[in-house]
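# Topology and contacts: notes
Each chain is listed here by its residues.
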Amino acid sequence: QVQLVESGGGLVQAGGSLRLSCAASGRTFSSYAMGWFRQAPGKEREFVAAISWSGGITYYADSVQGRFTISRDNAKNTVYLQMNSLKPEDTAVYYCAARRGGTFFEYYWRGYDYEYWGHGTQVTVSS
């Protein structure tokens with residue numbers, strides 16, 4: 001069982017930055033690949049970024065490529081999402097999620113394959 005708690009959301013002006021954190025419980029954090037997803041009002045949840053167990057491989061949605069950076073610190077059981085050059089369209093509730101191996105490299109973007117989810121943190125970007 002893994003429990004995930006996100007933090008770091010808030011209100012920021014367009015062009016600003018935020019860093020989200022996701023703290024995981026348990027002693028097996030390094031055996032999980034991690035992902036960030038987001039859901040805006042009235043829209044479906046969408047993939048944002050994912051990172052492999054060791055952190056050596058990362059994936060990004062086209063909409064955030066070059067602006068967001070996902071990273072992890074396995075010693076601290078934490079995954080991060082650094083968000084720069086924020087846009088109003090980045091406004092959403094951001095969720096972190098954990099999954100084990102198998103098809104990660106093929107389906108890193110598919111929320112269905114993630115076993116554990118946090119409760120989310122709100123990010124609001126004003127224009």
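Heads up: the structure comes first, above all this text.
These numbers were taken from a predicted model, which means no experiment stands behind them. Counting from 1, residues in each chain are numbered in the order their sequence is written. For a predicted model such as this one, the threshold for reporting local features is a pLDDT of at least 70, and the threshold for listing and counting side-chain atom pairs is 80 or more; totals across whole chains, interfaces and linings nevertheless cover every residue. Values shown for side chains rest on all heavy atoms present in the structure; no hydrogens or waters enter the calculation.

## A look at the nonpolar core
- Nine residue types can take part in a nonpolar core, namely buried Ala, Val, Leu, Ile, Met, Phe, Trp, Tyr and Cys, and a core is a set of them joined through side-chain atoms within 4.5 Å. Burial classes follow relative accessibility: with a 1.4 Å probe on protein chains only, a residue under 20% of its type's maximum area counts as buried, one over 50% as exposed, and anything between as partly exposed. The biggest cluster of nonpolar side chains holds 40 residues, and the ones touching the most others in it are L4, M34, W36, L81, M83 and Y94.
- Only DSSP runs of H or I reaching four residues or more are called helices, and only runs of E reaching two or more are called strands; each is numbered from the N terminus. Of all the elements in the fold, those that place two or more residues in this core are β3 (18-24), β4 (33-39), β5 (46-51), β6 (58-60), β7 (68-73), β8 (78-83), β9 (92-99) and β11 (121-126).
- Contacts between residues were defined by any pair of non-hydrogen atoms, one from each residue, lying within 4.5 Å. Other than its neighbours up to four places away in sequence, M34 contacts L4, C22, F29, A49, A50, I51, I70, R72, V79, A97, A98 and Y114.

## Some details on the state of the cysteines
- Whenever a pair of cysteine sulfur atoms sits within 2.5 Å, that pair is classed as a disulfide. As enumerated under the stated definition, the model contains 1 disulfide in all.
- For C22, the disulfide goes to C96, at an S-S distance of 1.9 Å. On the S-S bond that ties C22 to C96, the torsion sits near 45°, and the link is right-handed. Of the two residues, C22 sits in strand β3 while C96 sits in strand β9, which places them 74 residues apart along the sequence. In terms of burial, C22 and C96 fall into one category: buried.

## A few points about the packing of aromatic side chains
- When two rings of Phe, Tyr or Trp (its six-membered ring) have centres within 6.5 Å they constitute a pair, described as stacked for plane angles under 30 degrees, edge-to-face for angles over 60, and tilted for the intermediate range. Taken as a whole and judged by the stated rule, the model has 12 aromatic pairs.
- Relative to Y114, the ring of F37 lies with its centre 5.1 Å away and its plane at 80°, an arrangement referred to as edge-to-face. Linking F37 in strand β4 with Y114 in the loop between α1 (104-107) and β10 (116-117), this pair joins segments that are 77 residues apart in sequence.
- A relative accessible area of 2% means that F37 is categorised as buried.
- Geometrically, the ring pair formed by W53 and F104 is edge-to-face, given 5.5 Å between the ring centres and 65° between the ring planes. Note that W53 is positioned in the loop between β5 and β6 and F104 in helix α1, a separation of 51 residues in sequence.
- Take F104: its relative accessible area is 0%, and that puts it in the buried class.
- Note on geometry: a ring has a charge over it if NZ (lysine) or CZ (arginine) is within 6 Å of the ring centre and within 35 degrees of the ring normal. The cationic tip of R99 hangs over the ring face of Y114; the distance from NZ or CZ to the ring centre is 5.8 Å.

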